[in-house]
Amino acid sequence: MSDKRETDALIVHKPVFFDATSLHIPTLRILREDGTLYPDAVLPDLDQELALKIYDTFLFIRALDERMLASQRQGRISFYMTETGEEAADIGSAAALADDDMIMAQYREQGALAFRGFTPDQFMNQIFSNEKDLGKGRQMPIHYGSRELHYMTISSPLGTQLPQATGYAFAFKAQQKANCVICYFGEGAASEGDFHAALNMAGVFKVPVIFFCRNNGYAISTPAHEQYAGDGIAPRGIGYGLKTIRVDGNDVLAVLKATQDARKLAVEQHQPVLIEAMTYRLGAHSSSDDPSGYRNKSEEDTWRAKCPVLRFKHWLVQQSWWDENQDVQRKQLHRDAIMAAMKKAEKVAPPPLDDLFTDVYDTLPWHLQEQQAELISHIRKYPQAYVKTAGRLGDE
């Protein structure tokens, strides 16, 4: 009788151990740092209009990150996270998707949302948690979400979006929709149990999902070499039965090409894919972090020379699609638009207090009614501590 556990694996008759050196995953790179292409490089599907939209999103995000970090230092907002140095990863991959593919972000993918059309006003309303915020002021800054743009609201707990992405992709497959889910996360989140559960389920059920790992070298202050002993994150995808590719995350053409091909696999073959983008976080982990405590300036300078924005700009100039005057003008336009949106958002009233209690129950239960009454009483007793909210109590 045959053993049902028998596999197609090669059979040997003496112990053979494999380690990290047994599997070598190359890194896809198309664009040199000077903007020229490698001789045998295969370009993504890209025309002038898409190329300029990608680059314009680069410039917008640089302006947004610069202004918002300065605003946090001034005490105008409480928290912010930049994606400086990693723009090619999320913007380049988002550019490869259909508009109605679902994006599940971690917290450093504002570029993907901007590429989809999230406006400066919408960014500011969320960051300032005013009454025009789509999330009704319930989230801390940078936890964006947009149903219209198919961008799932960001959640603070690390890695929760990973199994959700597998489930959402399973629904796409069940409904026979020609769409996929892209799920962003960092290499630190790949240490969470949710990562392993998500990839295992995706591999078993063959769902149209792209897991996109931004390997930027640090999980807050923990360097990659203290997180894992293997060859990065990519080999894990192979272990779970996913198509896997590693890409230079600072090369937007390579990211775009890899994601375009990954989407075809996901949508046409229901083949889940893992993309590991090798990049670097030039800024701090967040506005609460000081990276000088765990990395040196020479390391940062080395990666600053690999800037994805400058690399792509060189290529655009060589195509005669861009020039320095356009660059200066466009940067200033974004700065002005962001500043105007910020000043406007600061003056918008906070959400009504009732919004803290709605959207869960059809009828507010007694215990929440009691909590609401207690909160109103507390704010009226200490109005100086809740200036904006206290001023609105008379309207409610």
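Up top you'll find the structure we're talking about.
All values reported here derive from a predicted model rather than from experimental measurement. (Residues numbered from 1 in each chain as written. Predicted model: local features only at pLDDT ≥ 70, side-chain atom pairs only at ≥ 80, totals over all residues. Heavy atoms only, no water.)

**Examining the overall build of the protein**
For the protein, the count of helices and strands is 13 helices and 9 strands. A compact globule built from 396 residues would reach a C-alpha radius of gyration of about 21 Å, and the protein, at 23 Å, matches this within 12%. For the protein, the spread of C-alpha atoms along the three principal axes comes to 80 × 65 × 45 Å. With 396 residues in all, the protein has 47% of them scored as buried. (Helix = DSSP H or I, 4+ residues; strand = E, 2+ residues; numbered from the N terminus. Rg over C-alpha atoms; globule rule 2.2 N^0.38 Å. Buried < 20%, exposed > 50% of the residue type's maximum accessible area, 1.4 Å probe, protein only.)

**Regarding the nonpolar core**
As a rule of thumb, soluble globular proteins bury nonpolar side chains together. Of all hydrophobic cores here, the largest spans 69 residues; its most connected members are Ile54, Met124, Tyr144 and Phe312. When residues in this core are grouped by element, the largest group, 11 residues, is from helix H1 (residues 48–73). If sequence neighbours within four positions are ignored, Phe312 has contacts with Leu31, Ala51, Ile54, Tyr55, Phe58, Val252 and Leu253. Counting residues in each nonpolar core, the second largest holds 24 residues, with Ala165, Ala169, Ala190 and Ala224 among its members. (Core = buried A, V, L, I, M, F, W, Y, C linked by side-chain atoms within 4.5 Å. Contact = heavy atoms within 4.5 Å.)

**Topic: the packing of aromatic side chains**
Both the distance between ring centres and the angle between the ring planes are used here to describe each pair of aromatic rings. What the rule picks out here adds up to 17 aromatic pairs. Centroid distance Phe185 to Phe195: 5.6 Å. Interplanar angle 55°. Geometry classified as tilted. Highlighted residues: Phe185 in strand E4 (residues 181–186) and Phe195 in helix H6 (residues 193–205), separated in sequence by 10 residues. Taken together, a centroid distance of 5.4 Å and an interplanar angle of 50° make the contact between Tyr218 and Tyr294 tilted. Highlighted residues: Tyr218 in strand E6 (residues 218–219) and Tyr294 in the loop between strand E9 (273–278) and helix H9 (297–304), separated in sequence by 76 residues. By the burial criterion, Tyr218 is buried, and Tyr294 matches it. An aromatic cluster is present here, built from Tyr55, Phe58, Phe312, Trp315, Trp321 and Trp322 joined pairwise through their rings. (Phe/Tyr/Trp six-rings, centres within 6.5 Å; stacked < 30°, edge-to-face > 60°.)

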